[in-house]
Every structure is written in C-alpha cells, then in structure tokens.
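# Summary of the model geometry
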Amino acid sequence: MAPAPRMTVSEYFQMPETVLPEELIFGAVRLAEAPTPRHQAILRDIGLALMLHLREFPNGQIWFSPVDVVLDRRDDLVIQPDLVYVTIPNLGIVRDRIWGAPDLVVEVLSPHPRIGDLGERLTWFARYGVLECWLVLQDERRIEVIAFEDRQIADRHSFREDEPIRSRVLPEFGSSFNGMVNG
C-alpha cells in the first residue's frame, strides 16, 4: 500500500474547517477525538486565570485550541496547542493563523494522549522558538513549567497543586493549580 501523499500547509488550510483537534505533522494530517469535559474545564479555568492576570498586566494575548500555529511552513508543521500566549512585541505573528512560535503554550495532558507524543512536541517547541510550555497534569493536580533556551530545554520545574507557579514569560503570575482550577 502506497503512503498517503504529503500535504502542504496551503493544502491543509484548504481543508474544511473543523473544531476537532487536527494538526499537520511534516505533511501528514493527524486527527484526534474531541477533548473530555474535564480537560475543557481545566483549560477554561487556566485560561480565565490568565485572562484575569492579563487585565492587571496587559502584556499579551491568549488563544484557545483549535487555533493553528504554523511552526514551519517549509516542512509543513502546523500544531494546535490547548492554549497559546503571545506577548505584545510578538503579535505580528498573529494574522489569519499564528505564523511562528508563541511565547508560551499550555498543554493539558490527558491520561491517554490525543495527538502525538509529548516528547516530539517538546522538541518542536524548543526547536522552533517557544519560550515556555506549561504541562498540566490533571490527575496529579500539578503543573510542570518547561523553559526553553538555545533551542533546548533550559529548565524544568514542577509545581504542586498549592504551590504558586513561577514563569519566565509571565513573571508577575503567581496562582497555583488550586487557585486556578475549580474542583
């Protein structure tokens, strides 16, 4: 059986719009099932905490998935992190899609990953210039903050449910998992 033909970013953007998670990984489309209500509730709560923070410190904007983030147009890599944050100086990457690396991405990890492998995603975040990734571990009620420098992981710190989160991208942010997520 012949492999599926490689799809370009332009071809991918001509596909019918969908609200299901869908990514273009080096020319191959990956689809996933819709996230669970629990996943969406955690994402909503974290997004609300970040939006409230941005009211006090208006230094960027956030977007929720599904939003296409084109990390590499030439190699046909388009991802949809659960939440992306772009600082004001970098808002030029936000047009009809996000054309480049956000400053911060948030991934709410499900017990069974929906799209791809976490290791490959972290490699892409580092390689393409994301500054920080928050991994939300639902069952453990903690957040792991991964900082990237020089296209690699520079720092990785885990914050327990009651411990204030420290972020290089959002240095004034100080909520904990419990302070953000209800239930």
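Our subject in this report is the structure included herewith. Per chain, residues are indexed from 1 in the order of the written sequence. Residue-level local features of this predicted model are given only where pLDDT is at least 70; pairs of side-chain atoms are given and counted only at 80 or more, and the full residue set underlies all totals for whole chains, interfaces and linings. Note that water and hydrogens are dropped before the side-chain values are worked out from all heavy atoms of the structure.

## Re unusual backbone geometry
Each neighbour pair has its own omega, and for Ser65 with Pro66 the value is 5°, a cis peptide bond. Residue position: Pro66 is located in the loop between β3 (60–64) and β4 (69–72). Of note in the backbone geometry, Asp150 takes a positive phi value of approximately 50° without being a glycine. Counting from the N terminus, the helices are the DSSP runs of H or I reaching at least four residues and the strands are the DSSP runs of E reaching at least two. As for its position among the elements, Asp150 is in the loop between β9 (142–149) and β10 (152–159). Assessed through its relative accessible area of 68%, Asp150 is described here as exposed. Exposure categories follow from relative accessible area, calculated using a 1.4 Å probe and restricted to protein chains: below 20% of the type maximum is buried, above 50% is exposed, and the middle band is partly exposed.

## Description of the nonpolar core
For the purposes of this section, nonpolar cores are sets of buried Ala, Val, Leu, Ile, Met, Phe, Trp, Tyr and Cys residues that join through side-chain atoms within 4.5 Å. By size, the foremost hydrophobic cluster in this structure holds 24 residues, and its most contacted members are Trp134 and Ile143. Elements represented by at least two residues in this core include exactly α2 (37–56), β6 (83–87), β7 (104–109), β8 (132–137), β9 and α4 (177–180). Sort the elements by how many residues they give to this core and α2 lands first, with six residues. Apart from the residues within four sequence positions on either side, Ile143 is in contact with Ile46, Trp134, Leu135, Val136, His157, Ser158, Phe159, Ile165, Phe177 and Met180. Core analysis: the next-biggest nonpolar cluster, separate from the first, contains 23 residues, Leu77, Ile93, Leu122 and Tyr128 among them. Every residue pair with non-hydrogen atoms within 4.5 Å of one another is taken to be in contact.

## Some words on the pairing of strand β2 (residues 28–31)
Pairing between two strands requires that DSSP report at least two bridges joining them. The pairing of strand β1 (residues 22–25) with β2 spans four bridges and is classified as antiparallel. Bridge pairing in β2 links Leu24 to Val29. Hairpin connection between β1 and β2: a loop of two residues separates the two successive antiparallel strands, and Phe26 in this loop has a positive phi of roughly 50°.

## Here we look at the packing of aromatic side chains
Both the distance between ring centres and the angle between the ring planes are used here to describe each pair of aromatic rings. Pairing of aromatic rings covers Phe, Tyr and Trp, the last counted by its six-membered ring, and requires centre-to-centre distances within 6.5 Å; plane angles under 30 degrees mean stacked, over 60 mean edge-to-face, and any other angle means tilted. The tally for this structure, following the rule as stated, stands at four aromatic pairs. Between Phe13 and Trp99 the ring centres are 5.8 Å apart and the planes differ by 75°, which places this aromatic pair in the edge-to-face class. A residue pair is termed long-range when its members are at least 10 positions apart, and Phe13 in the loop between α1 (9–12) and β1 and Trp99 in the loop between β6 and β7 qualify at 86 residues. When its relative accessible area of 19% is taken as the criterion, Trp99 is described as buried. Between Phe26 and Trp124, the ring centres sit 5.8 Å apart and the planes meet at 75°, which makes this aromatic pair edge-to-face.

## As for the pattern of salt bridges
Here, a salt bridge means any Lys or Arg side-chain nitrogen found within 4 Å of an Asp or Glu carboxyl oxygen. For the structure on display, the rule yields 14 salt bridges. In this structure, Asp76 engages Arg6 in a salt bridge whose closest nitrogen and oxygen atoms are separated by 3.1 Å. Taken together, the residues span a long stretch of sequence, with Asp76 in the loop between β4 and β5 (77–79) and Arg6 in the segment before α1 at a distance of 70 residues. For Asp76, a relative accessible area of 6% translates into the label buried. Taking relative accessible area as the criterion, Arg6 reaches 48% and is therefore assigned partly exposed. The residue Arg121 makes a salt bridge to Glu107 at a minimum N-O spacing of 3.0 Å. With Arg121 in helix α3 (residues 118–128) and Glu107 in strand β7, this pair connects stretches of sequence that are 14 residues apart. Neither residue differs from the other here; Arg121 and Glu107 are each classed as buried. Beyond isolated ion pairs, a larger network of salt bridges with shared partners links Glu140, Arg142, Glu144 and Arg156.

## Digging into the sheet that holds β2
Pairing is antiparallel across the open sheet formed by four strands, whose spatial order is β2-β1-β5-β4. Edge positions in the open sheet fall to β2 and β4, since each of these has one partner strand only. Mean inter-strand twist for the sheet, computed between neighbouring axes without regard to direction, equals 30°. Pairing between β1 and β5: two bridges, direction antiparallel. When the sheet's bridge partners are listed, Ile25 is paired in β5 with Leu77. For helices, the fitted line uses only the C-alpha atoms of the stretch in contact; every axis is such a line through C-alpha atoms, and the angle between N-to-C directions lies from 0 to 180 degrees.

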